[in-house]
Amino acid sequence: MSGNSRSRILVIGAGAMGVLTGYHLSLAGAQVTFLVRRHRAETLSRPQILYCYDDNKLKEYEGYSFITDPSEMVGANYDYIVIALDGASLRNETGQSLVKTIGEAARQTNTKVLLGSIFFDLRTWFLQVSGLEDEQVTNCHLDIHAYATRALVLPAAAPADPELIAKADFAYSDRFPDGFTVDDSSPAVANGFAEIFNSCGISHCAVKSTRECAVAINPLFPVFAACELMDWPKFQDIGDNRELWGLVVASVKEIQDLGIHGELGQLAARETTEAGLAASLAAWEKLMLPLDLQAFNRFHHGKKLKAQGREHLRACLSYAETDGKPMPALKELLRRVDS
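Residues numbered from 1 in each chain as written. Predicted model: local features only at pLDDT ≥ 70, side-chain atom pairs only at ≥ 80, totals over all residues. Heavy atoms only, no water.

Caption draft 1: Focus on the sheet that holds strand β9 (residues 145-148). With mixed pairing, 4 strands are arranged side by side in an open sheet as β4-β3-β10-β9. The open sheet has two edge strands with one neighbour each: β4 (57-61) and β9. Averaged over neighbouring strand pairs, the angle between their axes works out to 25° when direction is ignored. Of the pairings in the sheet, the one linking β9 to strand β10 (residues 170-173) comprises 4 bridges and is antiparallel in character. If you follow H145 over to β10, its bridge partner there is S173. (Pairing = 2+ DSSP bridges. Helix = DSSP H or I, 4+ residues; strand = E, 2+ residues; numbered from the N terminus. Axes fitted to C-alpha atoms, helices over the stretch in contact; angles between N-to-C directions.)

Right under this line is the structure:
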């Protein structure tokens, strides 16, 4: 499918990930529809105002449509369905019902699904519950940092404009080389979607290997757990508590070394050091300025997605049992955050 075609894309969820994904797809020429809960319908009935930290300007996002009943996707024959819900929400009773409806809508069609929910080996579970074919589904995630301004007020460092941010529904920063990433679980889905996204002209969608994405994402969760224990310090100071930081890095290495991550994970585990990981986190923090990264993470990972983070770490432990790996550092870290 050409990136210049008028692709029909359903985005499930209109939080920060959903709206920012839809915005870029609309700029790429796609017809975007959101599936949202009924209480979100009034908000989406007007244009969404977006504040961009990168140019200190407001953007107006309009021209999309929305539905509130999941059954409406059945028979609609969307080209793509992008799931922009957190992993915990997708796996609860309501989420599982939604996944079955997605399966009903996409089964035996040309509809392709991008799974933007983050959870350990979630795609395997999704395929089982939805009944979709392996080649129809791939994983994705938004690299753009975005948040709802009504839910979070961040410290505003220059040149960010707090008055403009207050006028926006969502604020975002797109500082990484890639604003969106799809893995190659299904190469056809990944490459087709990336071609569309990359027509937006302001951001880039990368296609990476499944293991490269997993090795990059899964080991971050011990870091966020430790930040909670430390009361979310600046990343430049993350190693000051040497005993706890040593435990965190040991946990990271244990997760990297899980069999699901293959040789790439084993290599990462050998190369990860306390100083090196601390330096990479500090560089991430500096790159995101003027967005306050740790204030963002405190809300995003310490509040909004806290339950997902805990479940993710426990899922790593469960997988480790099948690997025959004891994971002593991760077990101790979990004990501390749960106490």
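Caption draft 2: A look at unusual backbone geometry. A cis amide bond links A158 with the next residue in sequence, P159, at an omega value of 5°. Topologically, P159 is positioned in the loop between β9 and α6 (162-167). Here the amide bond leading from L289 into P290 is cis, since omega sits at 10°, within 30 degrees of zero. Tracing the backbone through its elements, the reader meets P290 in the loop between α12 (274-288) and α13 (293-304). Although it is not a glycine, N56 sits at a positive phi angle of roughly 60°. If you trace the backbone, N56 turns up in the loop between β3 (48-52) and β4. For N56, a relative accessible area of 25% puts it in the partly exposed group. With phi around 65°, D231 is a residue other than glycine that occupies positive phi space. Counting through the fold element by element, D231 comes out in the loop between α9 (220-229) and α10 (242-256). (Buried < 20%, exposed > 50% of the residue type's maximum accessible area, 1.4 Å probe, protein only.)

Caption draft 3: Seen up close, the packing of aromatic side chains. Enumeration over the complete set of coordinates arrives at 14 aromatic pairs. For the ring pair F180 and F193, a centre distance of 5.4 Å and an interplane angle of 40° mean the geometry is tilted. On the criterion of sequence distance, the pair formed by F180 in strand β11 (residues 180-183) and F193 in helix α7 (residues 187-197) is long-range, its members being 13 residues apart. Neither residue differs from the other here; F180 and F193 are each classed as buried. An aromatic cluster is defined as three or more aromatic residues linked by ring pairs; in this entry it consists of Y23, F34, Y61 and Y64. The ring of F119 carries R91 above its face, with NZ or CZ at 4.1 Å from the centroid. Sitting over the face of the ring of Y80, K112 holds its NZ or CZ atom 5.5 Å from the ring centroid. (Phe/Tyr/Trp six-rings, centres within 6.5 Å; stacked < 30°, edge-to-face > 60°. Lys NZ or Arg CZ within 6 Å of the ring centre and 35° of its normal.)

Caption draft 4: Highlighting the layout of surface pockets. Taken as a whole, the second largest pocket holds about 420 Å³ of empty space. Together, 24 residues line the second largest pocket, and D121, N139, D183, T210 and A214 are the ones closest to its centre. Of all the elements, helix α8 (residues 210-217) adds the most residues to the lining of the second largest pocket, at 5 residues. Within the lining of the second largest pocket, the residues separate by chemical class into 11 nonpolar, 9 polar and 4 charged. (1 Å grid on protein atoms, 1.4 Å probe; cavity = no way out; pocket = protein on both sides within 12 Å on 5 of 7 lines; lining within 4 Å. Points joined across faces, edges and corners; volume = space filled by probe spheres on them. Nonpolar A, V, L, I, M, F, W, Y, C, P; charged D, E, K, R; others polar.)

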